Amino acid sequence: MSRIVSWHADPSRPRFVPPAGAVDAHCHVFGPMAQFPFSAKAKYLPEDAGPDMLFALRDRLGFSRNVIVQASCHGTDNSATLDAIAKSDGHARGVAVVDPAISDAELENLHQGGIRGVRFNFLKRLVDDAPKDKFLEVARRIQGLGWHVVVYFEADILEELRSFLDAIPTLIVVDHMGRPDVTQGPDGPDMRVFRALLDSRDDIWTKVTCPDRLDGSGPPWDAFAQAVRPLVEDYPDRVLWGTDWPHPNMQDAISDDGALVDMIPRIAPTPELQHRLLVDNPARLYWHD
């Protein structure tokens, strides 16, 4: 498997200036491989994209903090994510991927290392097995730590996941809105089903992220802006935003992170909405202690 680069070498500086304290609440680190080898089950093999690169991008884009989400290429070994958090000088927290057999002591160690959530991935092209019963047991065990569950799925399996999601006892964050077809518009079937999920519980949040993944028309991603702005306006206290850097598996359509930041005022058009999206909401979830 050849190593791939999926990120822009020289992203533009965004026109939008994030508010003080803004958080990039969905990003990853890759390696460095010599120190943190990739999983034998990894479906892709990226070049190194470590904490120095992540924090340089954070500063370039005008953000203050990061939430680092364990990338599938590292499997359930969270060492690279923990290393990045440790090097952040308190400016990063993380979301882990864990083996369901993990011990309570190991969960506590992750908590001390800055982890505040666990991710369950249902994308078949990225993971071989997603055991719902074992995931629910993990979700029950992390309650005492005050963690939440991050769930990644595509729109076509949302209905079959509903009973599983209903059974999760913690706050839930849905990655990338469950990957709806944004070309259907804000009232299209995918968004209607997703809104029904949000309406079913007031402790389901989502990340209004990845126009580059969800809107095949390319920049300036007008379909994404039109479909997602009403979601931010209607659920302002339950939305998060992130770059998704270094954009796993996007090597064929490399994203300009500055252009991604400039989407923010199009989906959160007022300073109040921008502050909730970028500062208040991630602080409540990741820095509440």
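Up top you'll find the structure we're talking about.
Draft legend 1. Structural view of the side chain of R213. Structurally, R213 can be placed in helix α7 (residues 211-214). Residue R213 is classed as buried on the basis of its relative accessible area, which comes to 18%. In terms of polar contacts, R213 uses its side chain to reach the side chain of D244, at 2.9 Å.

Draft legend 2. Quick peek at the sheet that holds strand β2 (residues 65-69). Taken in spatial order, the 8 strands line up as β1-β2-β3-β4-β5-β6-β7-β8 in an open sheet, and their pairing is parallel. Every other strand in the sheet has two partners, leaving β1 (23-27) and β8 (239-240) as the edge strands with one partner each. With 3 bridges joining them, strand β6 (residues 172-174) and strand β7 (residues 204-207) adopt parallel strand pairing. Paired with V174 across the two strands is T206, which belongs to β7.

Draft legend 3. Unusual backbone geometry, seen in detail. The omega angle of the peptide bond from G31 to P32 is 5°, so this bond is cis rather than trans. Here P32 is to be found in the loop between β1 and α1 (51-61). With omega at 5°, the peptide bond leading from P219 into P220 counts as cis. By the element assignment, P220 lies in the loop between α7 and α8 (222-234). Backbone geometry places D89, a non-glycine residue, at a positive phi of 60°.

Rules used in this analysis
- Residues numbered from 1 in each chain as written.
- Predicted model: local features only at pLDDT ≥ 70, side-chain atom pairs only at ≥ 80, totals over all residues.
- Heavy atoms only, no water.
- Helix = DSSP H or I, 4+ residues; strand = E, 2+ residues; numbered from the N terminus.
- Buried < 20%, exposed > 50% of the residue type's maximum accessible area, 1.4 Å probe, protein only.
- Polar contact = N/O pair within 3.5 Å; in protein donor to acceptor, adjacent residues only side chain to side chain.
- Pairing = 2+ DSSP bridges.

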